[in-house]
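Architecture at a glance
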Amino acid sequence: MLHWLTLMADSLPSLLWAALVFTVPLTLASFALGLIVGLVAAVVRLFGPAPLAAIVRFYVWIIRGTPLLVQLFLIFYGLPSAGIVLDAFPAALIGFTLNVGAYTSEIIRAVIGSVPKGQWEAAYSIGMSWSQAMRRTILPQAARVAVPPLSNSFISLVKDTSLAAAITVPELFQAAQRIVATTYEPLILYVEAALIYLALSSVLSALQVRLEKRLNQYGGFLEAKS
Amino acid sequence: MIRLTNIEKRFGDLTVLKGVSVTVAEGRVTALIGPSGGGKSTLLRCINLLEIPTSGTVRIGEEELSFQPGGKPGWRDIQRLRGQTGMVFQNFQLFPHRTAVENVMEGLVTVQKWPAEKARDRAMALLRKVGMDHKADAWPATLSGGQQQRVAIARALAPSPRVLLCDEPTSALDPELSGEVVEVLGTLAAEGTTMVMATHDLRLASRIAHEVVFLDTGQVVESGPSHTLFTHPARERTQRFIATLTQQGQQGEGV
Ligand SMILES: Nc1ncnc2c1ncn2[C@@H]1O[C@H](COP(=O)(O)OP(=O)(O)O)[C@@H](O)[C@H]1O
Ligand SMILES: [Mg+2]
């Protein structure tokens, strides 16, 4: 028992370091970039010309229909055969960004569509342009509805970054694997890694609650909209 | 002055407006009445170009725009004309994520780029006018329907439009609440606000409209001074329609 605790304590710094230097930046960067991709993809699907919308549908179809692990392998191990050689971290960043982009584009498309048409008309009636209406009227209302599903994507992403271990990114899970290789204590180390992932997702859940509270300040407008 | 000439509007195969011509003089209030589906809302929306007429000409003040089938007006032309109008919707359509005063400020700040302080002053003055200044910082969801509609009227007036378009401004309201909206619109009419309003509310129409246009199946059946049209309609279709409105009104809470 004491041995286990010592082992946990000893390995904690390297696990936390791996989380801090790889897991957290990879999560934050690919979520931020993925949201931008998702927003653009959603707007193209809702309002763009048909050929562009078809390209976006194709992209979403491919990303959602194939395993994330296979996508990461394709980018890191496959693309060099086509002359595109990427380091492990950028390869993972691209893979996760594309993945987040595809899933969030569907969420964003749905929540933008959920804002009543009358809100567009009200915005136009006071002279707003399309982009002013989008920025000032539609997106703020869509954002509120989007927080729970986007939080789901965010929390899934934290855990999915463990797949980057398979393409040599020395993130949290890989750090745990390395210590297991020398200590032969998989139970302790993987429990410890799992606890750190749990802590990270719990922080995100807490942030979600706060964000929802803030966005809910203007009361039960969902009912008032009918 | 607003002049609609030969407005035609088709949705696919359905012709909703069949060559409607209406003129509204400056400072006058015109009520559009007629059975449901007759094209009142569409006609209003053709004035501020939420719907683009298939053909015809819309003139508001000095601004004029003509439409042809297949031709699409430019964004600037639409803005030029739409900028002359304000609209009040049946379901209020306040921006739920903005307070009452922010709703009124929105057009001034975002579109006309007024500094926030100046916009707030004007918004407060308008809220005072519609009797809603005490609720300036309230969220729309916390207001009654009548209060929301009064804020919506202030929002529509903020950019000083040449004409206020109202699409059934009282029909989503209980009779007790519609009274306060009729009151506000009456005050505006008395001050010389040019208005075009679609309504089923005989109390609203008879109280504030100078002219009435009776629209049925996309055509103007009859139009004229409101008193004449309500008391001595020339056409039988108009008589029948006004008779049903009067009955409904009496079954409700009197006209
Ligand atoms: N966007 C639309 N697409 C197709 N048909 C429409 C559309 N808007 C209105 N209509 C049709 O136009 C007709 C007139 O509608 P409307 O102008 O709303 O009448 P009113 O306001 O007098 O009740 C109705 O038959 C309605 O179904
Ligand atoms: Mg209507």
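Residues numbered from 1 in each chain as written. Chains lettered and ligands numbered in written order. Predicted model: local features only at pLDDT ≥ 70, side-chain atom pairs only at ≥ 80, totals over all residues. Heavy atoms only, no water.

1. A few points about the UniProt feature "transmembrane region" (unreviewed entry) in chain A
Residue and element names in this part refer to chain A. Under the local residue numbering, the UniProt record ascribes the feature "transmembrane region" (unreviewed entry) to residues 15-46 and 187-207. Annotated as 100% helix and 0% strand, the span residues 15-46 places its first and last C-alpha atoms 43 Å apart. Secondary structure across residues 187-207 divides into 100% helix and 0% strand, with the first and last C-alpha atoms of the span separated by 30 Å. (UniProt positions renumbered as here; feature names shortened; annotations may be inferred. Helix = DSSP H or I, 4+ residues; strand = E, 2+ residues; numbered from the N terminus.)

2. Describing the site of ligand 1
Residues and elements named next belong to chain B. Contacts to ligand 1 come from Phe11, Val16, Pro35, Ser36, Gly37, Gly38, Gly39, Lys40, Ser41 and Thr42. Residue Lys40 places a main-chain N or O atom 2.8 Å away from an oxygen atom belonging to ligand 1. Within the side chain of Thr42, a nitrogen or oxygen atom sits 2.5 Å from an oxygen atom of ligand 1. Protein contact buries 61% of the 560 Å² of open area that ligand 1 shows by itself. When residues of the shell around ligand 1 are assigned to their parent elements, the largest contribution, three residues, is made by helix α1 (residues 40-47). Of the residues belonging to the shell around ligand 1, the class tally is three nonpolar, six polar and one charged. (Near = heavy atom within 4 Å. Polar contact = N/O pair within 3.5 Å; in protein donor to acceptor, adjacent residues only side chain to side chain. Areas by Shrake-Rupley, 256 points an atom, 1.4 Å probe, with all protein chains shown as cover. Nonpolar A, V, L, I, M, F, W, Y, C, P; charged D, E, K, R; others polar.)

3. Some remarks on the interface of chain A and chain B
Across the boundary between the two partners, chain A contributes 24 residues, which contact 23 residues of chain B. Summing the contributions of chain A and of chain B, the shared interface buries around 2100 Å²; its carbon and sulfur component is 60%. Three residues, Ile126, Arg136 and Tyr218 of chain A, lead the burial of chain A against chain B; their summed loss comes to 30% of the area buried on that side. Glu106 of chain B is the salt-bridge partner of Arg136 of chain A, the closest N and O atoms lying 2.8 Å from each other. Counting across the interface, chain A meets chain B through nine residue pairs in polar contact (both at pLDDT 80 or more). For the side of chain A that touches chain B, the secondary structure elements donating two or more residues are α5 (117-125), α6 (130-160) and α9 (221-224) of chain A. No other element matches α5 of chain A, which puts eight residues into the side of chain A that touches chain B. For the side of chain A that touches chain B, the per-class residue count stands at 10 nonpolar, 11 polar and three charged. (Contact = heavy atoms within 4.5 Å. Buried area = accessible area lost by both parts, 1.4 Å probe. Salt bridge = Lys/Arg side-chain N within 4 Å of Asp/Glu carboxyl O.)

4. Thoughts on empty space enclosed by the protein
All names here are of chain B. This model, assessed by the stated rule, comprises one cavity of 30 Å³ or more. Here the largest cavity is characterised by a volume of approximately 40 Å³. What lines the largest cavity is simply Ile2, Leu4, Val22, Val24, Leu32, Leu43, Ile47 and Val196. Counted by class, the lining of the largest cavity contains eight nonpolar, no polar and no charged residues. (1 Å grid on protein atoms, 1.4 Å probe; cavity = no way out; pocket = protein on both sides within 12 Å on 5 of 7 lines; lining within 4 Å. Points joined across faces, edges and corners; volume = space filled by probe spheres on them.)

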